[in-house]
Amino acid sequence: MSPQKPAASTAAKETQLIARAQRGDEEAFAALFEAHKRRVYSLCLRMLGNPTEAEDLTQEAFLQLFRKIATFRGESAFSTWLHRLSVNVVLMHLRKKGLNQISLDETENSQGEPIKRDYGDDDRRLVGSIDRIGLKRAIAELPPGYRTVFILHDVEGYEHNEIAEIMDCSIGNSKSQLHKARLKLREWFQQHQGEGGMRSPAHAARDAKED
Amino acid sequence: MGEERRDQRDIWGCQEFELKLAAYLEGEASTGVSKHAEQCASCGSLLGDLQMIEAAAKDLPLESPSPRVWSNIRSTLAEEGIIREQKSFWQRWIPSVSLIPRSAPAAALAFAVMLAVIMLFKGDIQRIGIQKPATTPVVATAAPNDLSLVQLNLVRTVKAMEENYKAREATLDPSAKQVYQAGLTSLDNSIQECLDSLQKQPHNMLVREYLMEAYAQKAEVLASALEYGGR
């Protein structure tokens, strides 16, 4: 079977669902929600770090989308549209909270001390592989500007030009924030070695086998 | 003297490596970076760790929101008239029963089964009669005042639906009304138990989750009763 077939059939099914939702079909709304809820909720949860707020914003993103669904003409993929809308809902929420967490030009100077590295024996490699729970904790503790760029790029797969457009900053700025975010995460793991943030090589090998 | 000069050159190499590292990780070809990483343990560690972090980020699992998010979206869409073609009575019941999470009150499942039996054998049950439930559902005490927006919306929706149901319950078929009341009473009891527990342990998240599940299921039962009553 051609590998394109399942993707094409999924896309066709989604197009049908969108057409039915545009007519106000409850079942179609439910199916669209079911298909995309995990990605939207996970994005909100990672960017906010708070399950209650993440649920509120998931609800808000889907409501905004369903209210506008009659205007969807299929110029871009439905999931791209929904995802971009969800990112905007979260960024708007952060702006409203007054945390100014989304201005990267400001965060250049407001994310704490620059990350310095010792050249030599003190800069040891992390032992084992990175545990998912540890990574979630580490991301939650990142300064907000770093966190946003890291999630958008490394977790959600956005390109720097897209992030620059979403965040209204330069591409260079997005790249620089991402690099600093990764360095901060490494620093976090170095400080939390042995606290459960890392998996031992034996654990990692066992998990890889199970996968 | 010679050793000092070599140290300076090595440190310069590390600084150059750091300057080019971000671009290298973005996919820009640089033999200098990879060569230096092979020769310098410290920079090799840094490169390896950052690549490991990048790979781990792509592997983060997705998480699911609780069922009340859809419950609230659905009721808002219905209120705003965006949902125009509603599911039939059975279409609405069957998927929602299959979606009931493990922690849901068993009473709601029992209610769904009982309702199905009633609908199939309405005449026989009317003749035989079933145990009469309390005529007025248990009135639950006030919900906790620190609920999220989503949770508050759900509680408000349930209250509004309940008022609507009370206004229409006289028009319901007596046997269906008995079943709906039995289901609602059972869910109200579950809600009351949760509220009592929360008074003792306000921060017990499991009880809180259980409470919201009970509210979500009450909303389903009320929606089904209102739809049935509207026929």
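The structure displayed is predicted, hence computed values, not measured ones.

Draft legend 1. Broad picture of the overall build of chain A. A tally of regular secondary structure across chain A gives 10 helices and 2 strands. Listing the helices and strands of chain A from first to last along the sequence gives α-α-α-α-α-β-α-α-α-α-β-α. For chain A, with 211 residues in total, the buried portion stands at 36%. Restricting to contacts in chain A with at least 6 residues of sequence separation, those with at least 24 account for 69%.

Draft legend 2. Expanded view of the overall build of chain B. Within chain B one finds 10 helices and 0 strands. In sequence order, the secondary structure elements of chain B are arranged as α-α-α-α-α-α-α-α-α-α. Put simply, chain B has 231 residues, and 30% of those count as buried. Of the contacts formed within chain B by residues at least 6 apart in sequence, a portion of 74% connects residues at least 24 apart.

Draft legend 3. Seen up close, helix α3 (residues 41–58) of chain B. Between its terminal C-alpha atoms α3 of chain B stretches 26 Å, which fits the 26 Å expected from 18 residues at 1.5 Å a residue. Looking only at α3 of chain B, the buried set comprises S42, C43, L46, L47, D49, I53, A56 and A57 of chain B.

Draft legend 4. Here's a closer look at unusual backbone geometry. All names here are of chain A. Residues other than glycine seldom take positive phi values, yet D168 does so here, at roughly 55°. Relative to the helices and strands, D168 resides in the loop between α8 (160–167) and α9 (171–191). Given 11 C-beta atoms within a 10 Å radius, D168 is considered exposed.

Draft legend 5. The arrangement of the interface of chain B and chain A in detail. Every contact between the two is made by 39 residues of chain B and, on the other side, 40 residues of chain A. For the side of chain B that touches chain A, the secondary-structure elements that each account for two or more residues are α1 (2–25), α3, α4 (68–79) and α8 (149–168) of chain B. Along the lines of polarity and charge, the residues of the side of chain B that touches chain A split into 21 nonpolar, 10 polar and 8 charged.

Draft legend 6. Just the packing of helix α3 (residues 51–68) of chain A against α4 of chain B, in detail. Running from amino to carboxyl end, α3 of chain A crosses α4 of chain B at an angle of 35°, the nearest separation of the two axes being 10 Å. Note that α3 of chain A runs across α4 of chain B; the crossing there is right-handed. The residues of α4 of chain B that touch α3 of chain A, namely those facing E55, T58, Q59, F62, L63 and F66 of chain A, are V69, N72, I73, T76 and L77 of chain B. Grouping the constituent residues of the contact of α3 of chain A with α4 of chain B by class yields 6 nonpolar, 4 polar and 1 charged.

Draft legend 7. Here's a closer look at the nonpolar core. Counting residues in hydrophobic clusters, the biggest one holds 72 residues, and the most contacted among them are F29, C44 and F150 of chain A together with L154 and Y215 of chain B. Per element, the largest residue contribution to this core is 12 residues, and it comes from helix α2 (residues 26–48) of chain A. Look past the residues within four positions of C44 of chain A in its chain and what remains in contact with it is A54, L57, T58, S86 and V90 of chain A.

Draft legend 8. Structural context of α2 of chain A. Of all bends in α2 of chain A, the biggest is about 50°, found at H36 of chain A. Burial analysis of α2 of chain A places 17 of its 23 residues in the buried class, the great majority of the element.

Draft legend 9. The confidence of the model for chain A, seen in detail. Residue and element names in this part refer to chain A. Chain-level pLDDT for chain A is 82 on average; 73% of the residues reach the 70-or-more range. At the level of individual helices and strands, chain A shows its lowest average pLDDT in helix α5 (residues 104–110), which scores 49, and its highest in α3, which scores 96. Ignoring residues within four places in sequence, the model shows residues 106–112, a span with pLDDT below 50, making 10 contacts including any to other chains.

Draft legend 10. Quick look at the environment of A164 of chain A. All names here are of chain A. Here A164 shows up in helix α8. In this structure the C-alpha to C-alpha distance between A164 and V149, which are 15 residues apart in sequence, comes to 9.4 Å. In this structure, A164 is in contact with C169, S170, I171 and S174, ignoring residues within four places of it in sequence.

Draft legend 11. Quick peek at the packing of α8 of chain A against α9 of chain A. Residue and element names in this part refer to chain A. For the pair α8 and α9, interaxial distance at closest approach is 8 Å and the crossing angle is 105°. One finds that α8 runs roughly perpendicular with respect to α9. Across the interface between the two elements, H160, N161, I163, A164 and M167 from α8 touch I171, S174 and K175 from α9. A per-class count over the contact of α8 with α9 returns 4 nonpolar, 3 polar and 1 charged.

Draft legend 12. Structural context of the confidence of the model for chain B. All names here are of chain B. Per-residue confidence for chain B gives a mean pLDDT of 73, with 68% of residues at or over 70. Averaged pLDDT values over the elements of chain B bottom out at 42 in helix α5 (residues 89–99) and peak at 92 in α4. Note that pLDDT drops below 50 for residues 1–9; the model gives that stretch 0 contacts with residues more than four away or on any other chain. Counting contacts from residues 123–140, a segment whose pLDDT is below 50, to residues more than four positions away or on other chains yields 24 contacts. The complex prediction reports pTM at 0.60, with the ipTM value standing at 0.80.

Draft legend 13. Geometry of the environment of I69 of chain A. All names here are of chain A. Structurally, the position occupied by I69 is in the loop between α3 and α4 (78–96). Among the residues examined, I69 registers 19 C-beta atoms within 10 Å and is labelled partly exposed. Here the alpha-carbon distance between I69 and G24, two residues 45 residues apart in the chain, equals 9.6 Å. Apart from the residues within four sequence positions on either side, I69 is in contact with I18, A21 and Q22.

What counts, and where the lines are drawn
Residues numbered from 1 in each chain as written. Chains lettered and ligands numbered in written order. Predicted model: local features only at pLDDT ≥ 70, side-chain atom pairs only at ≥ 80, totals over all residues. Helix = DSSP H or I, 4+ residues; strand = E, 2+ residues; numbered from the N terminus. Buried ≥ 20, exposed ≤ 12 C-beta atoms within 10 Å, placed from the backbone. Contact = placed C-beta atoms within 7 Å. Expected span 1.5 Å × (residues − 1). Nonpolar A, V, L, I, M, F, W, Y, C, P; charged D, E, K, R; others polar. Axes fitted to C-alpha atoms, helices over the stretch in contact; angles between N-to-C directions. Left-handed = near helix turned anticlockwise from the far one by under 90°. Core = buried A, V, L, I, M, F, W, Y, C linked by C-beta atoms within 7 Å. Bend = angle between axes of the 7 residues up to and from the residue. pLDDT = per-residue confidence, 0-100. Parallel < 35°, antiparallel > 145°, perpendicular 65-115°, else oblique.

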